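Understanding the architecture of this molecule
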Amino acid sequence: MHFKIYNIIGEVKSGTTLVGTLLDSHSDITTIPIELKLISHFMKKKNLNDKDLLKYYLNRTRLKHLEVNEKIRSKREFRVINGIFKIKEFNFEKFQKLVLNEKIVNYSQKRIINIIIHIHKHFELSQNKKLKKNIIIQDGNHILQNFNSIQKKFPEIKNILVFRNPLDIYSSLKKITEITKDFYFSINSFGNKESNILKVTKLIEKDRKDIFYIKYEDLVESPKKIMFNLSKFLSIKFSKSLLKPTFINSDWYGNSSSEKKIYGIKNTRIDLYKKKLNINEIRYLSYKFKILLETKYNFKKIKKYNLITILSVYLTNFNLFSKNCDKDYKYPIRLVKFFYKLIF
């Protein structure tokens, strides 16, 4: 059988997980609807032998979440990153044994292709199902910085790029900071010249034929139209299952930073920034993402921010950090890292 592999990519909180869960139940697709970062992990760990690499995937990546107990799944950090779901039945031990004990078949000359097929084949076999010819994986934001070089190495893998209004992304990240109590980003690093969103913008400008582009706002407002067009890109028959998010055929209730269950596809997460960001944060980020906002979000003639805007957003950022970062023994280290990210 000739297998086709598609990778869902995009900045964090852009809707990549939603797209993955919408594809989860289709009869012609095999997918593990988690951001497993199979390619990005492979690029870092490819010197490992096959056995050790498979052990790494099973023990050090989000594949472990398939066996996580309900106590851990109910934690706030887990819910806003992976989503709210409950797997009805999944035998992780059986899956693990199959992956480690069965020989990797050479379907391709590319090692990573064979590994992806191997993992997904035994994911299906562990549930007494057959591997489908269409395999969907998720690397999310983790290959955006090196997308062009990775794509040259693996041109047989096509991509589904999900993008969202960066002001709403930042609004969600601010909320996540409040939840995790660990300040792992700053407004400056979010909007700097190496920003993932700027990488996404360049890919959108190129309008590549090997990429299917999904604007998050279009997906939640016109899901049938977007998923019908995606089904054509994937060469699969459109099905109503493409309109219901599931996680291994169980209901999936979103990974919204609001921590509320979302039933189905909802458009309630559009234009969050109008309530969540102050005027200076909007001015600052609007200019940083001027091209994307003017071409895809109908922003008009965005002007550059001034010094007062910069000082204001930095102060707002510091207040967010100070309020939400745990004041434990690691606080001085986090404080230094925060100022480094904020300034540089």
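Everything numeric here is computed off the predicted structure, so don't read it as measured data.

**Examining the environment of L48**
Assignment of secondary structure puts L48 in the loop between α2 (38–45) and α3 (50–60). For the pair L48 and R164, spaced 116 residues apart in sequence, the C-alpha to C-alpha distance is 36 Å. Leave out the neighbours within four places in its chain, and L48 touches L53, Y56 and R111.

**A closer look at the nonpolar core**
If you look at the biggest cluster of nonpolar residues, it comprises 98 residues, and the most contacted ones within it are L23, L66, F95, I160, L230 and L234. It is helix α7 (residues 111–125) that contributes the most residues to this core, seven residues altogether. Apart from the residues within four sequence positions on either side, L230 is in contact with V19, L23, I160, F212 and I214.

**Remarks on a nonpolar patch on the surface**
A surface patch of nonpolar side chains, about 490 Å² in accessible area, is lined by F339, Y340, I343 and F344. Within the secondary structure, F339 sits in helix α18 (residues 331–343).

**Remarks on the pattern of salt bridges**
Across all of its chains, the model carries 11 salt bridges by this definition. Close ionic contact of K174 with E281 constitutes a salt bridge, the shortest N to O distance being 3.0 Å. Taken together, the positions of K174 in helix α9 (residues 166–180) and E281 in helix α15 (residues 279–288) put the pair 107 residues apart, joining distant regions of the chain. Judged by relative accessible area, which is 11%, K174 ranks as buried. The salt bridge involving D210 is made with R208; its shortest N-O contact spans 2.8 Å.

Procedures and definitions
- In this numbering scheme, every chain counts its residues from 1 along its sequence in written order.
- The predicted origin of the model limits local features to residues at a pLDDT of at least 70 and limits the giving and counting of side-chain atom pairs to 80 or more, whereas totals for whole chains, interfaces and linings rest on all residues.
- Excluded from the side-chain calculation are hydrogens and water; included are all heavy atoms of the structure.
- Only runs of H or I of at least four residues qualify as helices and only runs of E of at least two qualify as strands under DSSP, and these elements are numbered from the N terminus.
- The contact rule is simple, with two residues in contact once any of their heavy atoms fall within 4.5 Å.
- Residues belong to one nonpolar core when they are buried, are Ala, Val, Leu, Ile, Met, Phe, Trp, Tyr or Cys, and are joined through side-chain atoms within 4.5 Å.
- Residue burial is assigned from relative accessible area. The probe radius is 1.4 Å, only protein chains are included, and a residue is buried under 20% of its type maximum, exposed over 50%, and partly exposed in between.
- Nonpolar side chains (Val, Leu, Ile, Met, Phe, Trp, Tyr) are joined into patches within 5 Å and like charges within 9 Å, using only residues with over 30% relative accessible area and no salt bridge.
- Computed by Shrake-Rupley with a 1.4 Å probe, the accessible areas treat only the displayed protein chains as cover when residues are assessed.
- Salt bridges are counted wherever a side-chain nitrogen of Lys or Arg sits within 4 Å of a carboxyl oxygen of Asp or Glu.

Treat this as a map of the structure, not an account of what it does.
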